[in-house]
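Now for the letters of each chain:
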Number of protein chains: 6
Amino acid sequence: MTAENILPGTFERSAGRAANALRPVTITRNYTCHAEGSVLIEFGGTKVLCTASVEEKVPPHKRGSGEGWVTAEYGMLPRATHTRSDREAARGKQSGRTQEIQRLIGRSLRCVFDLSLLGERTIALDCDVLQADGGTRTAAITGAFVAASDAVSWLLAQGKIAQTPIKDAVAAISVGIVNGQPLLDLEYTEDAGCDTDMNVVMTAAGGMVELQGTAEGAAFSRVEMNALLDLAEKGIGELLAAQRQALGL
Amino acid sequence: MTAENILPGTFERSAGRAANALRPVTITRNYTCHAEGSVLIEFGGTKVLCTASVEEKVPPHKRGSGEGWVTAEYGMLPRATHTRSDREAARGKQSGRTQEIQRLIGRSLRCVFDLSLLGERTIALDCDVLQADGGTRTAAITGAFVAASDAVSWLLAQGKIAQTPIKDAVAAISVGIVNGQPLLDLEYTEDAGCDTDMNVVMTAAGGMVELQGTAEGAAFSRVEMNALLDLAEKGIGELLAAQRQALGL
Amino acid sequence: MTAENILPGTFERSAGRAANALRPVTITRNYTCHAEGSVLIEFGGTKVLCTASVEEKVPPHKRGSGEGWVTAEYGMLPRATHTRSDREAARGKQSGRTQEIQRLIGRSLRCVFDLSLLGERTIALDCDVLQADGGTRTAAITGAFVAASDAVSWLLAQGKIAQTPIKDAVAAISVGIVNGQPLLDLEYTEDAGCDTDMNVVMTAAGGMVELQGTAEGAAFSRVEMNALLDLAEKGIGELLAAQRQALGL
Amino acid sequence: MTAENILPGTFERSAGRAANALRPVTITRNYTCHAEGSVLIEFGGTKVLCTASVEEKVPPHKRGSGEGWVTAEYGMLPRATHTRSDREAARGKQSGRTQEIQRLIGRSLRCVFDLSLLGERTIALDCDVLQADGGTRTAAITGAFVAASDAVSWLLAQGKIAQTPIKDAVAAISVGIVNGQPLLDLEYTEDAGCDTDMNVVMTAAGGMVELQGTAEGAAFSRVEMNALLDLAEKGIGELLAAQRQALGL
Amino acid sequence: MTAENILPGTFERSAGRAANALRPVTITRNYTCHAEGSVLIEFGGTKVLCTASVEEKVPPHKRGSGEGWVTAEYGMLPRATHTRSDREAARGKQSGRTQEIQRLIGRSLRCVFDLSLLGERTIALDCDVLQADGGTRTAAITGAFVAASDAVSWLLAQGKIAQTPIKDAVAAISVGIVNGQPLLDLEYTEDAGCDTDMNVVMTAAGGMVELQGTAEGAAFSRVEMNALLDLAEKGIGELLAAQRQALGL
Amino acid sequence: MTAENILPGTFERSAGRAANALRPVTITRNYTCHAEGSVLIEFGGTKVLCTASVEEKVPPHKRGSGEGWVTAEYGMLPRATHTRSDREAARGKQSGRTQEIQRLIGRSLRCVFDLSLLGERTIALDCDVLQADGGTRTAAITGAFVAASDAVSWLLAQGKIAQTPIKDAVAAISVGIVNGQPLLDLEYTEDAGCDTDMNVVMTAAGGMVELQGTAEGAAFSRVEMNALLDLAEKGIGELLAAQRQALGL
């Protein structure tokens, strides 16, 4: 589906979804057994496995600082997508897109951590897409927060830290303009046909920590941007609630 | 657990498993939605996602031959294991172990394919370990056969081929000697403590297609090898039955 | 300089610059002699050489489409910065930051091109930072547009195309909040100490084509974001004027 | 030559060799002058230079353990083969086949070493194929043992160790079924035409340390496997004798 | 232009330059602001930015020696040349030509340094070609000496060293035979059409430190070589004078 | 041995060799059996295996030209040297030294070939050092010429070409100044202690095709250079005679 074959005013979302509705969100904790946090998050057909691993080491720029680090890596299984894509391990390098996404996840999570309370250790978040249908990076951030929370609980239970380093919750959603209409939580066919695509990362306290908007064809106005941010705020509110529910808070 | 701290005759398997018993085997078809074949296979705590992708192209050595190709890639999510391992895509190369395993999977599957009946196209098998507890390569082969069968059914249903290129079924299991005792289907702690470790790949017709035995400490005798092969034959028979049941045959 | 050692309300910009003032902007065309477009752009102490090369080929996904392509690469000389950084060619790979920036430049420029009017050829933009003092990516986008314009003029003069494929002008600027105060066009010390950092890319027609905001410490509000966008609009207006003047339009 | 064009019962080995005969084996010690052990081993037309280098360091997982390490690398000169193959150093990576072989050589040699008697140092075995005519990995293992023995003698003579860490001798041979007939020590044309191909590594004490069998077309039975192992045992016995003779034992 | 289309005796240099004349030489110090030495050197249309960075570390082979190190890296901006060449950072490796040149620059500069007087630190020279018209490596060596001298002055001014480690000045020039005629300081079109091409590196004391001559078509005689060296001596004398003038000596 | 511990006037070459004497030269043709040319060349303790492979393809820049290509690759077995060096295939890249040498060998050989008479095919020269004792690159060039001659004879015998493309013979030798004394054909200990080191490549017709001189400590004068070239001419004359004798000319 491309922008060209969507007639103005006639766009219908799959399953009769409203413009401002999220797809069904499912958060499954303890999806795998070895990691300190392991969460499968689903935004409709998008399924991302987020694990949080506690490692008793920090990268060079933090050594001796007494502070910890939170980092993320992102991957997509070769056939998570409609057509098979090359395995990055076999090609011998990560794509620019992959690096961009994993840097975004890492920054978003660090924003809600007080690294001095983590101690000189790392929480490594691995976000691997098992099935892709749009919004993988936003699902990854939202799921990674739950996995990181479980890893922090583990650290507290182990007595390795006395106080949580998590200052706030964080979640993310995509929004976009398709056929002139602002939509929340784009699925793949909507993403492929959109005019503007925006990823928004917000905390529970209500601030934005990352905002990335891209015009795919036509430029977008301040008015359109504000409509998108309104949608994003609504969606992120629901995601933060889903996180709290999954964590039993 | 190492071989040293296992007293002779006292080895007990977890969950009271008999020496000649498989762990519970689960085969879930259509685990993800895009691939022509998508199977989650579980050997106890080992969980491998096997997808089969049909690609209308062949590698250079098959171009113009009228024959197809079957190939495999293998990966492990960084936290599939007890401690996090480096992401191969980030390190920029696949380890020798990874390459060895994916070559083994590819050869094993090709053995049951008549490539001339596949037409000039490729079935690409991706075996990604979501959770590891020993035996990932044998689970991968066993699951990849089911995924490949589904991809062949899709090709037949699409009318792309008139006749199945699959000549026989194939499955694989690990066997080993732990504390002097031959065991079927080693889990991780058994594998780490074993004297000899063997991976056996067999077809439904009863022949071996791959046999890889390694002495981890002491060399092994022909007698021991035969005891291991007896166990393997029994286990593979059960795996072949599980495959048939999963495929509704 | 870090956010911590800036007292609220006391921040003074270097050279007495006003919060809403750009640094001096210089655009030098024909800076080197071989490229179809060659522009040195300076935002204060930031100096980026932008060349536009016409290549009579397109990447695989455009072959046979009759359409052209616009792409960008970004680099920084090892000692463009305060301390020497590793040469990416010697390390054998481009950093995630480099890839992120060059993807941003490419998308920004493609937004103002009608690729079907370019014909099946590529304009390759190379943006190399000779000296860095903050804002290298926004200077690169602003300078690359001038270089691309010169390459298009060359194509027209050569009779290779009959009509310009450039639909609009594009320019970019960074904005940020330092010590609670929104500032236009951050220089390095400001960037290092800012709470929020945003890069804005806009067209002459007034729309945004890229928007990337990052909270460095505290999250940012919609109100703050709007203040930043007001500054960005002002700055981009001035940059678009500087481009027109440089191009003699 | 392929399996198809060999009529049953008519296969004749080159030079009238019997099915259970090795090719002429030559072991030349001190083939080059710098290494602590340097052996040219020839299995007929297959010539492999095996050097053993003593290095006063160990890999990270052995540091501080008081134990040593034995490791191997394998390579093939580009024109060791019938047609030139790419130089792995120029391509920038070792093939999966190369890695598989060098891991096999390393494991085989470590099986006969008591690493605690070696002290915290490494014996690095380099096996480089000067000319290939089948069986390069088995020649490499057999020759590497002689080179390693010479390196151990050097360590003893230097007074660096007081007692040999070598517990047993090790050698290897390939066996296979060609045209229905089990054959010992396959040369290249036999290997290319075989139904089943097996590499067997055994110690002088009579146990197997590695066993790798692969069906190239048809699966193989337990009966066939036993016939192949009988051949392998005979051949390895002769190779162990040749090693002893070369070492003057 | 190739050797074939130059008629004997008719070769005319551009701008009426004499066979034994350098192109105009310009040396601009402090071309960029961060490096301890930063020099733009121009040999006619060839422009190379040479920076010298002081780093308080040495490579492994010098650690603990009390001695310093001088090293060089070379690069060419993708569109420094007539047609765009691939960016080495994007390709993931430096070409053989690049490595050859940067090794030459490093050796040439080390020849005039007393590394024991430098202390255990490194002067890293980065020579990046902004515009190429022949002779980039000789311009790089000549300019790198000036940048290194400025870095040494900085070290002296900072009190980090008490005495200059620079023993002599060094400069370099290319010479060649075009159409049978020995020429000094080849520009690109001359270089492309020459029979013999020689790069000569000399010190102010009059000795040669590097000499690299290559016959491009026909071999060259001792007589021709001596004619070329006479030209080179003259040219290097003038370059050494230009260096002294730039440095105010 | 370093330059410092050689007292002036007391330098004695090993085995009482005269300053102007080559080490014993041995050229063994048909050293391995698969290549069209295969030569082991020995300069004293330096042993290089040079193979020439005929390939019915040319690199991109020669496709469709009707002309052929001659290229070279160089490698050193890890333990060809006194201490083991890393395997370049395992490290994943060729060193700058390796690339410099193989480019030199390629250029030297192409100088004596009329590529238009070779037809659109490549002669690939692989020069692999089995044992190193100084002068490996000059031995490689001298041996590669003999291997290339054998490959050309094979092409003529096969009727693939009607006329030899070889225009002249080529050989190479190192010369250097040790302890003030010019010496021919440096062995490793001399090379390590020399003041100046020069590699000279000449044709039978008497011209130089490559000349690479490097001052290791002190600069060298024209007088010294001429003394070195006199020695080189003498040595190369003897090498050319050894080539002719090996080829039965």
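All of these numbers come straight from a predicted model, not from anything done at the bench.

A.B. asks: I would appreciate a short explanation of the sheet that holds strand 8 (residues 196–203) of chain B in the present structure.
C.D. replies: Adjacent strands of a sheet form backbone hydrogen bonds with each other and so pair up, either parallel or antiparallel. Ordered in space as 7(B)-6(B)-8(B)-9(B)-9(D)-8(D)-6(D)-7(D), the eight strands form an open sheet in which the pairing is antiparallel. Whereas interior strands pair on both sides, the edge strands pair on one side only; in this sheet they are strand 7 (181–184) of chain B together with strand 7 (181–184) of chain D. Put simply, the sheet's adjacent strands are angled 15° from each other on average, direction ignored. Sheet topology places strand 6 (residues 170–178) of chain D next to strand 7 of chain D; four bridges connect them, and they run antiparallel. Residue pairing across strands places G176 of chain D opposite L183 of chain D, the latter belonging to strand 7 of chain D. Sitting on the sheet, helix 2 (residues 96–110) of chain D is in contact with strand 9 (208–215) of chain B together with strand 6, strand 8 (196–203) and strand 9 (208–215) of chain D, with an inclination near 150° to strand 9 of chain D.

A.B. asks: What is the right way to look at the relation of the copies chain A and chain B in this model?
C.D. replies: The pair of chain copies shares a relation made of a rotation about an axis and a shift along it. The transformation that overlays chain A on chain B combines an axial shift of 0.0 Å with a rotation of 180°, and the residual RMSD is 0.0 Å. Here the transformation between the copies is reduced to the relation of a two-fold axis. The overlap is high: 100% of the interface residues of chain A also sit at the interface in chain B, so the same surface is used on both sides.

A.B. asks: I tried to follow the interface of chain A and chain B on my own but got confused; where do I start?
C.D. replies: With 37 residues of chain A in contact, the opposing surface of chain B contributes 37 residues. The largest per-residue losses of area from chain A upon contact with chain B belong to H34, R79 and R87 of chain A, which jointly make up 27% of the total buried on that side. Here chain A and chain B share 12 salt bridges between them. Among the ionic pairs, R87 of chain A bridges to D128 of chain B, the shortest N-O distance being 2.9 Å.

A.B. asks: Looking at this structure, I do not really get the pairing of strand 6 of chain D. What am I missing?
C.D. replies: Residues in a regular strand project their side chains so that they alternate between the two faces of the sheet. Residues and elements named next belong to chain D. For strand 6, the tally of buried residues reaches nine of nine residues, placing the bulk of the element in the interior. Where burial is concerned, the two faces of strand 6 agree: the one with V170, A172, S174, G176 and V178 and the one with A171, I173, V175 and I177 are both buried. Bridge count for strand 6 against strand 8 is eight bridges, and the pairing is antiparallel. Across the sheet, A172 pairs through a bridge with V201, a residue of strand 8. Where strand 6 folds back on strand 7, the antiparallel hairpin that results is connected by two residues, among which N179 adopts a positive phi of roughly 55°.

A.B. asks: So what exactly am I meant to see when it comes to the environment of G96 of chain A here?
C.D. replies: Along the chain, G96 of chain A turns up in helix 2 (residues 96–110). A relative accessible area of 10% places G96 of chain A in the buried class.

A.B. asks: Before we go on, may I ask you to explain the UniProt feature "binding site: phosphate" (unreviewed entry) in chain A in this structure?
C.D. replies: All names here are of chain A. According to UniProt, the positions carrying the feature "binding site: phosphate" (unreviewed entry) are R97, G135, T136 and R137. A stretch of 41 residues holds the annotated residues, and the largest C-alpha distance among them is 13.5 Å, short enough that they meet in one place. Among the secondary structure elements, G135 is positioned in the loop between strand 5 (122–131) and helix 4 (136–157). The contact partners of G135, leaving out residues within four places of it in the chain, are F43, T46 and L186. Along the chain, R137 falls in helix 4.

A.B. asks: Please explain the confidence of the model for chain A as it appears in this structure.
C.D. replies: Close inspection of predicted coordinates is inappropriate in any region flagged by low pLDDT. Residue and element names in this part refer to chain A. Overall, the predicted model of chain A reaches an average pLDDT of 94, with 96% of residues at or above 70. The low-confidence segment residues 1–8 (pLDDT under 50) makes 14 contacts with residues lying over four places distant or belonging to another chain. In the predicted complex, the global pTM is 0.93; the interface-specific ipTM is 0.93.

A.B. asks: Honestly, the environment of C194 of chain C in this entry has me stumped. Any pointers?
C.D. replies: All names here are of chain C. For C194, the location among the structural elements is in the loop between helix 5 (188–192) and strand 8 (196–203). When the C-alpha positions of C194 and E210 are compared, they lie 20 Å apart, and in sequence the two are 16 residues distant. Apart from residues no more than four positions distant in its own chain, C194 is found in contact with I177, V178, L186 and E216.

A.B. asks: Whenever I open this one, the UniProt feature "domain: Exoribonuclease phosphorolytic" (unreviewed entry) in chain A confuses me. Can you help?
C.D. replies: Following the UniProt record, one finds the feature "domain: Exoribonuclease phosphorolytic" (unreviewed entry) at residues 22–151 and 168–235 of chain A. As a span, residues 22–151 of chain A carries 30% helix and 31% strand, and end to end its C-alpha atoms are 27 Å apart.

A.B. asks: What is the right way to read helix 4 of chain A from this model?
C.D. replies: The α-helix advances 3.6 residues per turn, and as a result positions three or four apart in sequence lie on the same side. If you check helix 4 of chain A, its first and last C-alpha atoms are 31 Å apart, about what 22 residues at 1.5 Å a residue would give, namely 32 Å. Looking one or two residues past helix 4 of chain A, G159 of chain A carries a phi angle of roughly 75°, positive in sign.

A.B. asks: In this structure, what is going on with unusual backbone geometry? I would like to understand it.
C.D. replies: Residues and elements named next belong to chain F. At A15, a position not held by glycine, the phi torsion is positive, near 60°. Structurally, A15 is set in the segment before strand 1 (25–29). At D185, a position not held by glycine, the phi torsion is positive, near 60°. With respect to the secondary-structure elements, D185 resides in the loop between strand 7 (181–184) and helix 5 (188–192). Residue class for D185 comes out buried when judged on its relative accessible area of 0%.

A.B. asks: Just checking my understanding: could you explain the side chain of E210 of chain F for this structure?
C.D. replies: Tracing the backbone through its elements, the reader meets E210 of chain F in strand 9 (residues 208–215). At 3.0 Å, the side chain of E210 of chain F and the side chain of T214 of chain E are in polar contact.

A.B. asks: It is not clear to me how the packing of helix 2 (residues 96–110) of chain B against helix 2 of chain D should be interpreted in this structure. Could you clarify?
C.D. replies: To describe two helices that pack against each other, one gives the angle between their axes and the distance between the axes. Packing of helix 2 of chain B against helix 2 of chain D brings their axes to within 9 Å, and their N-to-C directions diverge by 110°. In terms of axis orientation, helix 2 of chain B runs roughly perpendicular to helix 2 of chain D. Here helix 2 of chain B runs over helix 2 of chain D; the crossing is left-handed. Every residue of helix 2 of chain D that contacts helix 2 of chain B at G96, R97, Q99, E100, R103 and R107 of chain B is listed here: G96, R97, Q99, E100, R103 and R107 of chain D. By residue class, the composition of the contact of helix 2 of chain B with helix 2 of chain D is no nonpolar, four polar and eight charged.

A.B. asks: What is the right way to look at the sheet that holds strand 1 (residues 25–29) of chain B in this model?
C.D. replies: All names here are of chain B. Strand order in the open sheet formed by five strands is 1-2-3-5-4, and the pairing between neighbours is mixed. Here the strands that pair on one side only, and so sit at the sheet edges, are strand 1 and strand 4 (69–76). Taking each pair of neighbouring strands and ignoring which way they run, the sheet shows an average axis angle of 15°. As paired elements, strand 1 and strand 2 (residues 37–43) share five bridges and run antiparallel to each other. Residue R29 lies in a different strand from strand 2, and its bridge partner there is V39. On the sheet, helix 2 packs against strand 4 and strand 5 (122–131) and is oriented at approximately 145° with respect to strand 4. In this fold helix 4 (residues 136–157) packs onto strand 1, strand 2, strand 3 (46–55), strand 4 and strand 5, with an angle of close to 35° to the strand it touches most, strand 3.

Definitions and limits used
Residues numbered from 1 in each chain as written. Chains lettered and ligands numbered in written order. Predicted model: local features only at pLDDT ≥ 70, side-chain atom pairs only at ≥ 80, totals over all residues. Heavy atoms only, no water. Pairing = 2+ DSSP bridges. Helix = DSSP H or I, 4+ residues; strand = E, 2+ residues; numbered from the N terminus. Axes fitted to C-alpha atoms, helices over the stretch in contact; angles between N-to-C directions. Contact = heavy atoms within 4.5 Å. Least-squares fit on C-alpha atoms with pLDDT ≥ 70 in both. Buried area = accessible area lost by both parts, 1.4 Å probe. Salt bridge = Lys/Arg side-chain N within 4 Å of Asp/Glu carboxyl O. Buried < 20%, exposed > 50% of the residue type's maximum accessible area, 1.4 Å probe, protein only. UniProt positions renumbered as here; feature names shortened; annotations may be inferred. pLDDT = per-residue confidence, 0-100. Expected span 1.5 Å × (residues − 1). Polar contact = N/O pair within 3.5 Å; in protein donor to acceptor, adjacent residues only side chain to side chain. Parallel < 35°, antiparallel > 145°, perpendicular 65-115°, else oblique. Left-handed = near helix turned anticlockwise from the far one by under 90°. Nonpolar A, V, L, I, M, F, W, Y, C, P; charged D, E, K, R; others polar.

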